[in-house]
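Coordinate analysis (summary)
Chain by chain, the residues run as shown.
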Amino acid sequence: MTATTHILPDFDAEAIRSDFPILSREVYGRPLVYLDNAATTQKPRAVVEAIASEYYNENANVHRGVHFLSQKATELHEASRETVRQFINAGSTSEIIFTRGTTEAINLLAFSFGEAYCQAGDEIIVTVMEHHSNIVPWQMLCQRKGMQLRVLPMNDDGTLQTDQLSTLLNSRTRLLCITHVSNVLGQVNPVADIIRTAHEAGVPVLVDGAQSTPHFAIDVQALDCDFFAFSGHKIYGPTGVGVLFGKQKYLEEMPPYQGGGEMIDHVSFDHTTYNQLPYKFEAGTPDYVGTHALATALQYVSHIGMDRIAAYERDLTAYALSQLRNVPDIHIYGHAPGATTADDAVISFNVGHIHHLDMGTLLDRLGIAVRTGHHCAEPLMRRLGVEGTVRASLAFYNTRADIDALVAGIDRVRKMF
Ligand code: PLP
């Protein structure tokens, strides 16, 4: 164990790294420094083995089978729903809908909530810092129904102008959609306060938890959000699985999103009745191997402890910010020193006139994986006045040595220009 890895006395990042085989590989003959965790996280051995083990030992289609394997697979799938429920502290597994990811969860909501509650002249509020997947489905709903999309602006330091909420919220507002943590700025939005304000105006709230769920404990009942979406692959689980949480009172009233097997009660050519929650929203064979692997990932992080993960990552983020701020000509977006919002493990920056793509490509040659571009947040790029940024995003398996490598890499690239 090196001193640089040991930030919190009881957090052994080096031991944790050994659970992630890919972290010990090399790229271009150099040790991999993986700082693209906001795009997707690496998978611990336990998750990969859960997938292999289910295919080897328990594979059969779920819910409809009377035979042993089908019952085993169904048990694993439904136990996974309970694991998700506990992880975000939902009141009931009826409120946990499995989807392909955050994007599908929001599309499901935009369609189904739109059908149940929206009509011409109504309004949806989003914020200027949303990922495209929390903008475009709402735009599509607005186009379908003749509605208006309203946008909550932000200050230059990246904090939302929450004082503008009272002017945006009105009797035509049907839903407020907000990201918990910006995938570009890495700041934690004060969603609990925003939800309270929206509820005072009688407006329900969707929280996009794609970038919060991996970094700190989520309690949907304490937040009192009406809907919450997240992706399995961003929290050390497999690709292709995600979750939409919704309060039962809304889900009961919302119509199905897709038709097919599983979501029905009885079908005839004259009339079809729908299954109970949450199956009403889960047409077709679910990714039951994926849900089990997602539950394995949630158990893995829960075993480490989300509060310990949060403390370690906040410390690492503070270290990264302190080191990056010493880089000449660097511009870090958001993370204003002294800002009231918490810093999360995502840091976007540009250095002088070096194009973000050049920076990313040259860092890659040094074995350092960062993301460059607009990060699926073009309206936010426009607000920041840039075409794109370099984004380093951290996980609990990253260390101070990774940050040092990034800073040294940036320095090397800077000297080349
Ligand atoms: N919302 C946010 C804030 C994100 O960062 C992302 C992905 O980067 C998404 C939504 C979409 O997630 P997915 O592509 O897993 O559906």
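Every residue gets a number counted from 1 within its own chain, in the order that chain's sequence is written. Only residues with pLDDT of 70 or above have their local features reported here, since the model is predicted, and side-chain atom pairs are shown and tallied only from 80 upward, although totals for entire chains, interfaces and linings are computed over all residues. To get the side-chain values, all heavy atoms of the structure are used, and hydrogens and water are removed first.

**Remarks on the domain arrangement of the protein chain**
Where interface size is quoted, it is often the accessible area lost as the parts come together. For the domain bounds, the source is a domain assignment made automatically or taken from a database. Examined at the domain level, the protein chain breaks down into domain 1 (13-43 + 305-416) and domain 2 (48-302). Placing a centre on the C-alpha atoms of domain 1 and another on those of domain 2 gives a separation of 28 Å. Taken residue by residue, the interface counts 43 residues in domain 1 and 35 residues in domain 2. Reported buried area values correspond to the accessible surface (1.4 Å probe) lost by two parts on association, with both partners' losses combined. Taken over both partners, the interface formed by domain 1 and domain 2 buries close to 3,200 Å², and the fraction arising from carbon and sulfur atoms is 57%. Salt bridges are counted wherever a side-chain nitrogen of Lys or Arg sits within 4 Å of a carboxyl oxygen of Asp or Glu. For the pair domain 1 and domain 2, the interface holds one salt bridge. We call two residues contacting when some pair of their heavy atoms lies within 4.5 Å.

**Some words on the site of the ligand**
Near, as used in this document, describes a residue that has one of its heavy atoms within 4 Å of the molecule or strand being considered. Close contacts around the ligand come from T102, T103, H131, S133, T179, N183, D208, A210, Q211, S231, H233 and K234, and that covers them all. Within the side chain of D208, an N or O atom sits 2.5 Å from a nitrogen atom of the ligand. In the analysis that follows, any N or O atom pair within 3.5 Å is treated as a polar contact, provided that within protein one partner can donate a hydrogen and the other can accept it, and provided that, for residues neighboring in sequence, both atoms belong to side chains. Between the ligand and S231, the relevant distance is 2.7 Å, taken from an oxygen atom to a side-chain nitrogen or oxygen of the residue. Three classes are used: nonpolar for Ala, Val, Leu, Ile, Met, Phe, Trp, Tyr, Cys and Pro, charged for Asp, Glu, Lys and Arg, and polar for all others, with Gly counted as polar. Residues of the shell around the ligand, tallied by class, amount to one nonpolar, nine polar and two charged.

**Some words on helix α2 (residues 45-57)**
With 13 residues, α2 extends 17 Å between its outermost C-alpha atoms, agreeing within 8% with the 18 Å of an ideal straight helix rising 1.5 Å per residue. Per-residue accessibility, obtained with a 1.4 Å probe over protein chains only, is compared with the maximum for each type, and a residue is labelled buried under 20%, exposed over 50%, and partly exposed between these values. Helix and strand labels come from DSSP, where a helix needs a run of H or I of at least four residues and a strand needs a run of E of at least two; each type is numbered from the N terminus. All of the buried residues along α2 are V47, A50 and E54. In an axial view of α2, the angular spread of the buried residues amounts to 50°, which keeps them on one side of the axis. Looking at the buried residues of α2, the elements they touch are α3 (68-88) and α10 (288-304). One less than the number of residues in a helix, times 1.5 Å, gives the span that helix is expected to have. As used here, the arc is the angular range of directions from the helix axis to the C-beta atoms.

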